[in-house]
Every structure is written in structure tokens, then in C-alpha cells.
Amino acid sequence: MADSRGGPLVLGIETSCDETGVGIVRGHTLLADAVASSVDEHARFGGVVPEVASRAHLEAMVPTIQRALKDAGVTASDLDGIAVTAGPGLAGALLVGVSAAKAYAYALGKPLYGVNHLASHICVDQLEHGPLPEPTMALLVSGGHSSLLLAPDITSDVRPLGATIDDAAGEAFDKVARVLNLGFPGGPVIDRWAREGDPEAIRFPRGLTGPRDAAYDFSFSGLKTSVARWIEAKRAAGEEVPVADVSASFQEAVVDVLTRKAVRACKDNGVDHLMIGGGVAANSRLRAMAQRRCEDAGIRLRVPRPKLCTDNGAMVAALGAEMVARNRPASAWDLSADSSLPVTEPHVPDPHAHDHGQDHGHGHAQDHDHDHFHELSKDNLYP
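This one's a predicted model, so the numbers in the text were calculated from it and none came from an experiment.

S.K.: Looking at this model, I keep getting lost on the environment of Ala318. Mind explaining?
M.R.: If you trace the backbone, Ala318 turns up in helix 12 (residues 313–325). You can call Ala318 buried: its relative accessible area is 2%. Considered as a pair, Ala318 and Ala297 are 21 residues apart in the sequence and their alpha carbons are 30 Å apart. In this structure Ala318 touches Val25, Cys123, Val124 and Leu127, once residues within four positions along its chain are discounted.

Have a look at this one:
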């Protein structure tokens, strides 16, 4: 559906966690990226509270959509499609976004595209660095995910190479920040403290880096526990905890493992570039070490600007626009919010529609048995 204006015009809605994101994209061009965050409401609990997040999405949804349309200088009737994160994520939060997307798509007579949160994190890089190479090697690191993915086709063929077996990298940052009494979220504050510390002051463990360990899997639970015990021992001895050194040494351990495994995955699979996405991709040390190691290995690094690394509607719109451009089938009106939607399903098409694009045997909602939390009939948008 590309046109002389530069490609399909798609609005994307992201509500998988605590960010209400609405983005508008034309082809590979970002027109608007409106975000309403409820992170301050969760800070006093030390983590995201699903019910609080869902209520915040409800309150922010319509104003955020209106702001995005105004920023983009378009009307809702101009849109070629509505894309929304269908999963993975918090079930209640996802439901708000999916319900809103259905309402707008139905009222406007526009096609609806339920897309995968993780695939969207990869696709957003097109808004900054142009079309993704095929295949794309991606390292996704966030509060809920640490994954190495190979994507021959971001709209239909995403293959997991490795993932965390316990805590995700972002989750470990939050937990270590809590032990250090630095508040929530932990990633940005540890990054700031680490700039004043010595990354070699404390040798914390690097999980799953032994010769017999899974080459592409991650484990940060042991690292988190090691840091906590080190801090507890200092406090028990009546000594002051060197927050900057602990932050720098912990961060170095995480970043060392992430970049080492990512570069290895590129070499082993014959891919000459690496894309890094997700909230932790905003970390300054991760970006610096990845750049150095990629240069040494002859690998081209693609990392979106920090604002596009965290959850946002622009990434959902980017993947939606790609779905439209490649003639992928739209989702059915009974699209479900799926908190455990696998990354092998970049989008959730209508199972009765014919996919005019290339079929790799991936991306079909009926091929898995994950729990679905919400069903809508064509006759009743709000049962």
C-alpha cells in the first residue's frame, strides 16, 4: 500500500507494561511518538503493579492518541491501518491497548494488526537507520526479556537463538538498585552511578559463559544474588558500601556477557551486523562496549536512539507499516491479548485470511496453545 507520500500511514499502540505509547509512522518515517508513563505511580512499590498500569492506560489512551495525531498533522481517517501490541506483556495492560485499537479500527473502517512486542523492538530501528538487513541479528534486552533473535523476515520469520533462563537484564538492574536503595527503575540510576565508579573494582560472576554452557542463553539471577551478598557482607561489617564501584562492576558484568554472546551469535551465523533494542539498549556502557567489540569483529552495529529503545508506540507503528507494505493479512476482530505470545509470531493474522506475502511457517496464531485472555465477536466489540 506504499504511495507517493512515502509508504503506508499507520498508528501504533503500545501498552504491554507501564508506558502508554502511541506512534504514527509513514513507511520508515516517524511522524509522531507520544508517550504517557505511569512509572512514578509504581516507584513507591519498587516495581510495576499490573492493576495500576492498566488503570493508567485507560486514563491516558484517548488523550495520547489525540496528541499523536496532532503532532503528526494527520487525521484518523487518513490512516491506512491500526497496529497494536497483542503480546507478550501484562495481560490487563495489553487488554486496554487491544480494545482501544479494535474500537478505532472498527469505527474508522481500517485494518487491524496485532503485532509482537519483541519484533516491534527490532523493527523500530528502521525509523532511524533505514530498512533492516535480511537476515537481522538482534539482541533485545529489557526489564522482561533478554534474547538473541535471528530475523530473516521481521514480518513473518523470527527465530529465537537464546534467551534468559531466569532474570532478564533489566530485572537484575532493578533488583540491584533496590538493594542499593537507589529507587526504581534501576537501569538509568545505576548507569549514572557507574560513570563515577571503577568497573574492575569487584569481579562479579559472568553467568553461562563456561565452555559447556548454552552459547546464546543468559542468566543474571546468580549475578544479582552475588551482588546482594557482597553488599550485605559490607553492611554487616559496618563498612560503607561503595555505590559507584558496585554499580560499575555489576553493570560491567551484565554488559560483558550480553555483548560477548551477541558478537558470537553474529560470527556463528555469518551475519555481519547486530541490532540492539529494548530498554537496556539505552545503557551507555552497553552501547560503548557493543560498538568496540563489533568494530573489532568487523560487525556493523545498529542501535536506535535511547527514546526509541524504551517501550513506545513508534515501534508498533513501524512493524504495522511493514505488515501493510508487505501485504500481510490483517488480524481478525476476535484478536486476543496474549501475555505469552511467542516471538516466533511477529503478528497475529486472521487465521482465515490468505497471506499474499512469503510464508515461512511462522506467525500463525492457531499454531500455539498459549492462554488468551480476551475474546471479542464481530457483532459485539464490548461483550
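S.K.: For this particular structure, what's the right way to read the layout of surface pockets?
M.R.: Picture a little ball the size of a water molecule; that probe, rolled over the atoms, points out where space is still empty. Here the largest pocket is characterised by a volume of approximately 1100 Å³. In terms of lining, the largest pocket is formed by 39 residues, of which the most central are Asp18, Ser142, Gly143, Asp174 and Pro185. At the level of secondary structure, the elements contributing two or more residues to the lining of the largest pocket comprise strand 3 (29–37), helix 6 (169–179), helix 7 (186–194) and helix 11 (306–309). Per-element tally for the lining of the largest pocket: the top contributor is helix 6, with six residues. Considering only residue class, the lining of the largest pocket consists of 14 nonpolar, 16 polar and nine charged.

S.K.: What am I meant to see in the state of the cysteines here?
M.R.: If you walk through the whole model with that rule in mind, you get zero disulfides. Free cysteine: Cys309, not disulfide-bonded; nearest cysteine sulfur from Cys123 at 14 Å. By relative accessible area, which is 1% here, Cys309 ends up buried.

About the criteria used
Residues numbered from 1 in each chain as written. Predicted model: local features only at pLDDT ≥ 70, side-chain atom pairs only at ≥ 80, totals over all residues. Heavy atoms only, no water. Helix = DSSP H or I, 4+ residues; strand = E, 2+ residues; numbered from the N terminus. Buried < 20%, exposed > 50% of the residue type's maximum accessible area, 1.4 Å probe, protein only. Contact = heavy atoms within 4.5 Å. 1 Å grid on protein atoms, 1.4 Å probe; cavity = no way out; pocket = protein on both sides within 12 Å on 5 of 7 lines; lining within 4 Å. Points joined across faces, edges and corners; volume = space filled by probe spheres on them. Nonpolar A, V, L, I, M, F, W, Y, C, P; charged D, E, K, R; others polar. Disulfide = S-S within 2.5 Å.

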